[in-house]
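One letter stands for each residue in the lines below.
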Amino acid sequence: MNREPDQSAIPTSDPFATFDAWFAEAQAAEPNDPNAMALATATPAGAPSVRMVLLKGHGPDGFVFYTNAHSRKGGEIRTNLQAALLFHWKSLRRQIRIEGPLTEVTPAEADAYFHSRPRVSQLASAASDQSRALADRADYYARLAEVEARFPEGSVIERPPHWTGFRLAPTAIEFWLDRPGRMHDRRRFERDGPETGGVWSSTLLYP
Ligand SMILES: Cc1cc2nc3c(=O)[nH]c(=O)nc-3n(C[C@H](O)[C@H](O)[C@H](O)COP(=O)(O)O)c2cc1C
């Protein structure tokens, strides 16, 4: 086993550039949903819950996903804006953790993304009472039929106001890279508070 000291392979500069580079490699390598990420939310009492969502936009201002604000996650977000994201790209053996508060996207952003989706997805999400108990799948089909009747082929499907997006503004981003012999490389970036200019700095961590 090589015990020679080596350099961290995770760049110490701009974490967003490293995110972009790793995400581009994942888009080329992963067979399905390279933009899938686990979203952790918690109740105000600190009971966590986690589920997968799709990353639909990202940049230094944040990481965006879309959902139904009446869902379980929506209820948790309403009362506790702190959240965390996790990407694990299995074929690349890489992980990225992101933490920070959420804000809702603007209605214009939510409209633009909603209407970019296939018509069937717009109808299905408009008909879904996400996370509520469903006695029978027939009830969901009945709601879908109602929505289809309201918005006939060729008409614009109105975005339900509770179908929206959230942007996580990162205060910490941590990269994990598989290395031989469990000598993994781990680097955590943290952003200073706005009073000190919101500068990012990073530290190596034991794996
Ligand atoms: C790969 C994958 C991607 C998903 N993407 C989304 C998404 O972008 N938005 C969403 O609301 N649910 C998405 N889901 C479904 C969620 O994981 C979850 O079942 C749903 O949002 C309800 O979660 P909640 O009850 O915690 O609110 C996805 C599921 C999988 C497996």
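First things first, this report covers the structure right here in the doc.

## Observations regarding the environment of Ala9
Mapped onto the fold, Ala9 is located in the segment before helix H1 (15-29). Classification of Ala9 by relative accessible area gives partly exposed; the value is 46%. Between the C-alpha atoms of Ala9 and Thr106, which are 97 residues apart in sequence, the distance is 38 Å. The contact partners of Ala9, leaving out residues within four places of it in the chain, are Leu177, Arg179 and Asp185.

## Topic: the pairing of strand S9 (residues 185-191)
Counting buried residues in S9 gives five out of seven residues, a clear majority hidden from the surface. When strand S8 (residues 172-177) meets S9, the two strands line up antiparallel, connected through six bridges. Residue pairing across strands places Glu174 opposite Arg188, the latter belonging to S9.

## Overview of the nonpolar core
Counting 27 residues, the largest nonpolar core has Phe19, Phe65, Phe87, Trp89, Ile96 and Ile98 as the members making the most contacts within it. Apart from the residues lying within four places of it in its own chain, the contact partners of Phe87 are Phe19, Pro34, Asn35, Ala36, Met37, Leu55, Arg94, Gln95, Ile96 and Ile98. Formed by 13 residues, the second largest nonpolar core is a distinct cluster that contains Tyr113, Val147, Phe151 and Trp163.

## What to know about the layout of surface pockets
Empty space within the second largest pocket amounts to approximately 300 Å³. Lining the second largest pocket are 14 residues, and of these Tyr66, Thr67, Arg117, Gln130 and Trp163 sit closest to its centre. For the lining of the second largest pocket, the elements supplying multiple residues, two or more each, are strand S2 (48-54) and strand S4 (62-68). Considered class by class, the residues forming the lining of the second largest pocket number six nonpolar, five polar and three charged.

## A word on the pairing of strand S6 (residues 94-104)
Direction of pairing for strand S5 (residues 82-89) relative to S6: antiparallel, over a ladder of eight bridges. Bridge pairing in S6 places Trp89 opposite Arg94. Between S5 and S6, which pair antiparallel in sequence order, lie four residues; one of them, Arg93, sits at a positive phi of approximately 55 degrees. Looking at chain direction, S6 and S8 are connected through six bridges and run antiparallel. Counted as the bridge partner of Glu99 is Ala172 from S8. Here three bridges tie S6 to strand S7 (residues 163-168), and the two strands are oriented antiparallel to one another.

Conventions and cut-offs
Residues numbered from 1 in each chain as written. Predicted model: local features only at pLDDT ≥ 70, side-chain atom pairs only at ≥ 80, totals over all residues. Heavy atoms only, no water. Helix = DSSP H or I, 4+ residues; strand = E, 2+ residues; numbered from the N terminus. Buried < 20%, exposed > 50% of the residue type's maximum accessible area, 1.4 Å probe, protein only. Contact = heavy atoms within 4.5 Å. Pairing = 2+ DSSP bridges. Core = buried A, V, L, I, M, F, W, Y, C linked by side-chain atoms within 4.5 Å. 1 Å grid on protein atoms, 1.4 Å probe; cavity = no way out; pocket = protein on both sides within 12 Å on 5 of 7 lines; lining within 4 Å. Points joined across faces, edges and corners; volume = space filled by probe spheres on them. Nonpolar A, V, L, I, M, F, W, Y, C, P; charged D, E, K, R; others polar.

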